[in-house]
Amino acid sequence: MDTYESILLVKNEVFVFKIPPRTTNRGYRAADWNLAEPTWTGRLRIVSVGDACTLKLEDRNNGELFAKCPIEQYPGVALESVSDSSRYFVVRIQDENGRAAFIGLGFGDRSDSFDLNVALQDHFKRIKVCEEIAKEKNEPKQELDLKFKEGETIKINMKITKKDGSEGVANKQTKPRPIISGSGGLLPPPPGSSSVKTIPAPPSQTSSPSHQSTNPNNWGEFTSANNTSQSGGNSNPNWVQF
């Protein structure tokens, strides 16, 4: 498979300077160069062939190569920024025999140096993404085990809206209504109520002694009410009114 050369950046005017050797560990300073008299002026191209990236300095008219700088990583020793300006860099150029030298490189506009930074950052970011994708293909990520373990349970609270608009919790246990005991399962009327209700009469006087109450006064007004209802001509002596 043929590998094609991709052009990452082109700047038609750059300046090259001869720089003094660095005597201390501090960074390079463009103020130490003779910025008024550049050594060479020409065109800059950054090209890539596969993962390899090269900065080329060429003649603007005929494209003749002046110098080239292989860039293996960025930021790195191949291309360094100076400490006192964003428009100037120190470039390590190499010839075909592998001999290296350091030169100064500058732009007339800050936007050109910004484009240089972005082009190199995007190139190496793309390489890193491609390496991660290839690694995942060779070493697939371990899938998460989301199955329930033996005996493991979960609890879910769900709000349920009732017909009256109130909300309740699904897992909340409701208490059964208490059963009200009483004669006939009916509650007595509230005090002062004018409604008339019927209740079963007490056992008849003709019942056998074993089923009669030993104390006739226990029926209180129910007994007198029974007599009154009988004298009033009530057709059913087994029911009384109060």
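In the nomenclature of an unreviewed UniProt entry, the protein chain corresponds to NECAP PHear domain-containing protein from the organism Aphis glycines.

To continue, consider the overall build of the protein chain. Helix and strand content of the protein chain: 2 helices and 11 strands. Each helix and strand of the protein chain, placed in order from N terminus to C terminus, yields the pattern β-β-β-β-β-β-β-α-β-β-β-α-β. Residues counted as buried form 24% of the 242 residues belonging to the protein chain. The contacts in the protein chain between residues at least 6 apart in sequence include a share of 51% that link residues at least 24 apart.

This part covers the packing of aromatic side chains. Tallying each qualifying case throughout the model produces 5 aromatic pairs. Ring centres of F89 and F107 lie 6.3 Å apart, and the angle between their planes is 85 degrees; this geometry places the pair in the edge-to-face category. Here F89, found in strand 6 (residues 88-94), pairs with F107, found in the loop between strand 7 (100-106) and helix 1 (110-138); they are 18 residues apart in sequence, far enough to count as distant. Exposure class is identical for F89 and F107. Each is buried.

Relative to the elements of secondary structure, E58 occurs in strand 3 (residues 52-58). Engagement of the side chain of E58 in a polar contact is seen with the side chain of R43, the distance being 2.6 Å. Here R45 takes part through its side chain, which lies 2.9 Å from a polar atom of the side chain of E58. Residues contacting E58, with those up to four places away along its chain left out, are W40, G42, R43, R45, G63, E64, L65 and F66.

For the coordinates displayed, the defined rule picks out 10 salt bridges. Where K11 meets D115, a salt bridge forms, and the shortest distance between an N and an O atom there is 2.8 Å. A residue pair is termed long-range when its members are at least 10 positions apart, and K11 in strand 1 (residues 5-17) and D115 in helix 1 qualify at 104 residues. Among the residues examined, D115 registers a relative accessible area of 29% and is labelled partly exposed. Members of the salt-bridge network, linked through shared partners, are E5, R43, R45, K56 and E58.

On to the nonpolar core, then. Counting 26 residues, the largest nonpolar core has L44, I46, L55, L57, I71, L116 and L120 as the members making the most contacts within it. When neighbours within four sequence positions are excluded, I46 is seen to be in contact with S6, I7, L8, L9, C53, T54, L55, L116 and L120. If you look at the next biggest cluster of nonpolar residues, it comprises 8 residues, including Y28, W33, V82 and V90.

Definitions and cut-offs
Residues numbered from 1 in each chain as written. Predicted model: local features only at pLDDT ≥ 70, side-chain atom pairs only at ≥ 80, totals over all residues. Heavy atoms only, no water. Helix = DSSP H or I, 4+ residues; strand = E, 2+ residues; numbered from the N terminus. Buried < 20%, exposed > 50% of the residue type's maximum accessible area, 1.4 Å probe, protein only. Contact = heavy atoms within 4.5 Å. Phe/Tyr/Trp six-rings, centres within 6.5 Å; stacked < 30°, edge-to-face > 60°. Polar contact = N/O pair within 3.5 Å; in protein donor to acceptor, adjacent residues only side chain to side chain. Salt bridge = Lys/Arg side-chain N within 4 Å of Asp/Glu carboxyl O. Core = buried A, V, L, I, M, F, W, Y, C linked by side-chain atoms within 4.5 Å.

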